[in-house]
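Residues per chain are reported as follows:
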Amino acid sequence: MTSSNSEAIAIPEILQNVFLHLDRPSLHACARVSRLWRSWSLHIAWLFYYIPSQDIIDFLAQRRAEKMSVNGDAKEAHGEADYEEYSLNKSKKLRFVQEFKKQCFRIQSLTVGDDSHSKLAVMRSVDKDNLPEWACALPTNLTNLVHLRFGFHYHSHLPADSNLSSDILSSLISQNPNLQHLEFLPARQPSYRVLFTALKNSPLQQLKRLELCCDLENNGLSELLDLLAVQSKFEILEQDQECSLEPTTPGWKLEELIIRSRGNSSFERFVIDSRNNTDSPRPVAVRKLTLFNFCPAVYVDEQELDENGRLQIDWSLLYHLCRRFPVLQRLQFSSNISIDYKPSPLSFEHHIYNFFRDLDEFESSVFWQPEELARAMIKACPKLTEIDLSHHRELHPEDWDILLQHYAPQLESLSAWSVDQMQPQELMRLVPPSPALIDQFGGHPSQKWVGLQRLDISANSVLAPAIHMFLKYVPTLRHFKALGVPVEANQLLGFDWVCTGMETLAIHVLIPTQAWPNYVIWRWDVSKDRWRMISEEEDSLDDDECECLAMDVEVPIFPTLQESYGSSKKEDSSSDSDSDTNSDTGSDTDSSSNSDSDTDSDSDAHSDTSTDSSAESSSDSSSESDSSDSESDAGSSTDSGRSGDESSAALGPTGAPGEALPKKRVTHSMQIQIAICQQLGRLTRLKELTLEGRQDYRYDNKEWDCLRLTLKTGLDYLRPLQANLKKLVVFQLDEELCGREEMEWIAQNWVHQDNIVWKSAIEACGGSRSTSPGSASNSATTLGGEVSGAGVSVCGREKVSALEANMNIAWLEGQCRRLTVEKDVARNRESFFYGQYQDY
Amino acid sequence: MTVILVSSDNQDFKVDKEVAERSILIKNMLEDVGESDSPIPLPNVTAAVLTKVIEYCEHHRNDPIQVPEETDDPRKRSNDIEEWDMKFMQVDQEMLFEIILAANYLDIKPLLDVGCKTVANIIKGKTPEEIRKAFNIVNDFTPEEEAQIKKENEWAEDR
């Protein structure tokens, strides 16, 4: 035996690390290798244990008295024929129970009961009538739990012995004072009050995380917070003239509280009680608070409204919650709808409206005075770093502006799907000024920002104009979701996407079908230290600083694309503010077209901040008070001079290119798609990519195309994603993705690391385009379609019918057994969800 | 900025600081000594192994620093090794364990994880005797113990 082998395996932490990757059968095999291996493998094997609801009686209870013969009961219950099998099973179960009682001191994580309604407990027929005969009897050495998940479920029409389940829960808590994570998610019994009583009687000083999935009823939240507040005391610390509250109770460790409502619970009672309580609220020392599926609306009488139809701020649930959690760092008060969302015929936005029926009724349920709630939140919870207020309607745009301005330096995560009160202007609080501007300023406070890592703005279509600014100026972004927020492709081009560390991206890209201009101008307002979207009228006031987004494509893009792909990236090219190509030419076309970087450099060269800002009286509408840098996406025009002027002059009243523009027409859609794929291909750390879109999509009175993800439209640029991409979701896109060429490409480039069958087939066939008939399964032939050849033959077409698409998918599934493909039919098209589900 | 790492067989390796600091041990050492050009000795790592370790760190230099996930279940998957890592770990068993030991000593958790996953994949599906043979482990159970364990495990393997 080599010394390194023996040495490595003998180190307990290494051995443990290896065993943590093994499944149960492998662990039991390891338990028979040697004594050292046995001790560690048993330790790992017994770390986690699961007791289904129907076995709770066997493992955690015993009969109070032997009133009837069990065998007699069993024979009567099962009949002679099944009794033998029953006996065998019972004998086997007895051995499990014996071993459980012997080894349970090793258990650190215990799950009791089932955790979903679909797995309703089926009580044994011999027991259901004798439940009162059973009493809680925990093994005395079950005392080392760190995690307990209690999800006892009873079948609805079987008798429920609430005392038994309550006793078991209470005993588990009292017997395991070192619990760090407690999950309570019963169907009906025991009620949450049993838990609260148990926690009162046996305070868990090591508890870090408490998770409830139940209905708290009217007073439940108040009771819970009062229970938790009792165990924490606060001390006001003065630091740098700021006061902060820190818990001082020794041993108090609860950091996270998660409450998931099963229905659509309301905390109305909590709000009313909080309003009526004249004392200062007792704070709770929790740093992470999650409330899922709670209705934030409170029903009040009209007499509570003031003359403006507004309510006092103390009717806000959010207001009272923040006051109870002064050291909060993560506030998540929304719904977990987005987590479970799968491709469907409905857009994400429609999905939300179907799920939350109250949205129509409370579409603009902003009850308070603007800014009031935001200021109260900031005062109560100044340390927030993660905010999820998705689906909230009670914040004004002014509130969002104040919140994001305050939290921007420290914010790591913002989830704000379906919040229609937020406008692009407010969201832009999270985007720092451009590097060129920062250089010009000689520094900026945003350089010390922690850096936003997560952003979810799905179902907020108004926020589309801000999306490209995040891709351009927020390099720390790792998870970005914008489902149901169609963004024009041209806005996303003309610069390199800086967030190359992106791991999750969900985006809806609109591909233009023809050239038309569109003005989206962001300008850094020095006086207000923020980005500001300026209108076309404002833009015309200061042509020197204006760069417009124009979707006009007036030069051959394809040759430019080809020569620029792979070329070195040039930032802030100063050569052509009048450059001809538009942003569609993609990431590497800085030398020719990047008008926004050009804008930066030009404006740097031509307009100095101090000059501009001092020239005119500052006003919101005056462009002279703005900084020298204006931000827009690549405009385009062929002639020299100011692209903004050009765009303005060249366009007709409908926005269509005027006759003055050169008549160089290209295939907008294809070239733009290629450029988008180039940008996507740079995100080599992507693990999950969701692409939304629809062909013939009508939006903003125009018709749009979508990413087709074919080889002709740039699919091959996504090859670098193979390093890390685990899940690709494409829905409502064009069906051309299921062409055979594309299927082969996916099989070869995205799943090949696990696709041993495919790799073997490729090697055997000597490449992707040769095969011998029958060498691979091909459901196409069995279906009798026109698709010919065995699995690896190429027979893709420009367009495929639904039948051929199905056949191609079936072929792909046959090649890649570990690849899961989900289809969803939307009208005449099909959407596909590719993911790798791997068994553990 | 570069740092010089010295292997146990006195071979110098000039490495970018950013790459070297993928090792928490080295990172802490650099923080302790401050700005210094002194080479960092690594008496437990041979040149051959250090070459591999540096190769790994170079490839993963831009990976985000792994933050331990808050989870009650530290069990891990072994079937999600990246393609590059998989090829990187296609070495003989001696080198595999040397890399694991080095990763453990240098405190490079991702490399340690990949190494342990690779070992776990070797173990999976094997009988106890096959495992002993694969890793040259001596069976130190008495015959009676072995019989008892086998009997006990019969029920365990069914669950």
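Keep in mind it's a predicted model, so treat the numbers as computed, not measured. (Residues numbered from 1 in each chain as written. Chains lettered and ligands numbered in written order. Predicted model: local features only at pLDDT ≥ 70, side-chain atom pairs only at ≥ 80, totals over all residues. Heavy atoms only, no water.)

> It is not clear to me how the overall build of chain A should be interpreted in this structure. Could you clarify?
The helix and strand tally for chain A stands at 31 helices and 26 strands. Residues classed as buried in chain A amount to 57% of the 840 residues present. The long-range fraction of contacts in chain A, counting pairs at least 24 apart against all pairs at least 6 apart in sequence, stands at 78%. Of the roughly 34500 Å² of accessible surface on chain A, a fraction of 47% belongs to carbon and sulfur atoms. (Helix = DSSP H or I, 4+ residues; strand = E, 2+ residues; numbered from the N terminus. Buried < 20%, exposed > 50% of the residue type's maximum accessible area, 1.4 Å probe, protein only. Contact = heavy atoms within 4.5 Å. Areas by Shrake-Rupley, 256 points an atom, 1.4 Å probe, with all protein chains shown as cover.)

> Sorry, what's going on with the pattern of salt bridges here?
Pairing is possible between side chains of opposite charge, provided their charged atoms come close. Residues and elements named next belong to chain A. In this structure the tally under the stated criterion is 27 salt bridges over all chains. In this structure, Asp 226 and Arg 282 form a salt bridge, with 3.3 Å as the shortest nitrogen-oxygen distance. In this pair, Asp 226 sits in helix α10 (residues 220-230) while Arg 282 sits in the loop between α11 (268-276) and β11 (288-295), placing the two residues 56 residues apart along the sequence. Of the residues examined, Arg 282 reaches a relative accessible area of 41% and is grouped as partly exposed. If you follow the salt bridges from partner to partner, you end up with Arg 209, Glu 211, Glu 256, Arg 260, Arg 330 and Glu 386 in one network. (Salt bridge = Lys/Arg side-chain N within 4 Å of Asp/Glu carboxyl O.)

> Would you mind going over the confidence of the model for chain A with me for this structure?
As a general rule, the predicted coordinates of low-pLDDT regions are not to be interpreted in detail. Counting all residues, the mean pLDDT for chain A is 68, and 56% of those residues have values of 70 or more. Counted against residues more than four places away or in other chains, residues 117-123 of chain A, with its pLDDT under 50, gives 18 contacts. (pLDDT = per-residue confidence, 0-100.)

> Looking at this structure, how should I read the packing of helix α9 (residues 192-201) of chain A against α10(A)?
Relative placement of two packed helices is described by the angle separating their axes and the distance separating the axes. All names here are of chain A. α10 packs onto α9 with a crossing angle of 10° between their chain directions and a minimal axis gap of 11 Å. As judged from the angle between their axes, α9 and α10 are roughly parallel. The two elements α9 and α10 cross, and the hand of that crossing is left-handed. Residues Tyr 192, Arg 193, Phe 196, Leu 199 and Lys 200 of α9 form the contact with α10, whose participating residues are Gly 220, Glu 223, Leu 224 and Leu 227. Taken together, the residues that form the contact of α9 with α10 break down as five nonpolar, one polar and three charged. (Axes fitted to C-alpha atoms, helices over the stretch in contact; angles between N-to-C directions. Parallel < 35°, antiparallel > 145°, perpendicular 65-115°, else oblique. Left-handed = near helix turned anticlockwise from the far one by under 90°. Nonpolar A, V, L, I, M, F, W, Y, C, P; charged D, E, K, R; others polar.)

> Would you explain the nonpolar core in this entry?
Note that soluble globular proteins tend to have their nonpolar side chains buried in a common cluster. Of all hydrophobic cores here, the largest spans 210 residues; its most connected members are Trp37(A) and Leu414(A). Broken down by element, this core gets its largest block of residues, nine residues, from helix α5 (residues 93-106) of chain B. Excluding its chain neighbours within four sequence positions, the residues that come into contact with Trp37(A) are Ile9(A), Leu15(A), Phe19(A), Cys30(A), Ile123(B), Ile131(B), Phe135(B) and Ile137(B). (Core = buried A, V, L, I, M, F, W, Y, C linked by side-chain atoms within 4.5 Å.)

> What am I meant to see in the packing of aromatic side chains here?
Ring pairs (aromatic) are described by centroid distance and by the angle formed between their planes. All names here are of chain A. What the rule picks out here adds up to 14 aromatic pairs over all chains. A centroid spacing of 5.1 Å and a plane angle of 80° characterise the contact between Phe 59 and Phe 100, whose relative ring orientation is edge-to-face. In this pair, Phe 59 sits in helix α5 (residues 56-60) while Phe 100 sits in helix α6 (residues 70-103), placing the two residues 41 residues apart along the sequence. Since its relative accessible area comes to 1%, Phe 59 is described here as buried. (Phe/Tyr/Trp six-rings, centres within 6.5 Å; stacked < 30°, edge-to-face > 60°.)

> What's the story with the sheet that holds strand β1 (residues 2-6) of chain B in this structure? I'm lost.
Hydrogen bonds between backbone atoms are what pair the strands of a sheet, whose relative direction is either parallel or antiparallel. All names here are of chain B. The three strands lie next to each other as β2-β1-β3, forming an open sheet whose pairing is mixed. At either margin of the open sheet sits one strand with a lone partner, and together these are β2 (12-16) and β3 (40-41). When β1 meets β3, the two strands line up parallel, connected through two bridges. Note that in β3 the partner of Leu 5 across the bridge is Ile 40. Sitting on the sheet, helix α3 (residues 47-59) is in contact with β1 and β2, with an inclination near 10° to β2. (Pairing = 2+ DSSP bridges.)

> In this structure, what is going on with α10(A)? I would like to understand it.
An α-helix turns once every 3.6 residues. As a result, residues three or four positions apart point the same way. Where burial is concerned, most of α10(A) is hidden: eight out of the eleven residues are buried. Among the residues of α10(A), those classed as buried are Gly220(A), Leu221(A), Ser222(A), Leu224(A), Leu225(A), Leu227(A), Leu228(A) and Ala229(A).

> Looking at this structure, I do not really get the state of the cysteines. What am I missing?
Note on terminology: disulfide describes a covalent bond linking the sulfur atoms of two cysteines. Residue and element names in this part refer to chain A. Here the structure, examined in full by the defined rule, presents zero disulfides over all chains. The cysteine Cys 677 is free of any disulfide, with Cys 706 supplying the nearest cysteine sulfur at 11 Å. Under the relative-accessibility criterion, Cys 677 is labelled buried at 1%. (Disulfide = S-S within 2.5 Å.)

> I keep staring at the packing of α5(B) against helix α6 (residues 109-123) of chain B and nothing clicks. Help me out?
Residue and element names in this part refer to chain B. Between α5 and α6, the least distance of the axes is 8 Å, while the angle of their chain directions is 145°. α5 and α6 meet at a crossing whose hand is left-handed. Side by side, α5 and α6 meet where Leu 96, Phe 97, Ile 99, Ile 100, Ala 103 and Asn 104 of the first sit next to Leu 111, Leu 112, Gly 115, Cys 116, Thr 118, Val 119 and Ile 122 of the second. Tallied by class, the residues present in the contact of α5 with α6 amount to ten nonpolar, three polar and no charged.

> Looking at this structure, how should I read unusual backbone geometry?
For residues besides glycine, phi is generally negative; the peptide bonds are generally trans as well. Residues and elements named next belong to chain B. A positive phi is found at Asn 10, a non-glycine position, where the angle reads about 60°. The topology assignment puts Asn 10 in the loop between β1 and β2. Residue class for Asn 10 comes out exposed when judged on its relative accessible area of 66%. Of note, the phi angle at Asp 107 is positive, near 60°, even though the residue is not glycine.

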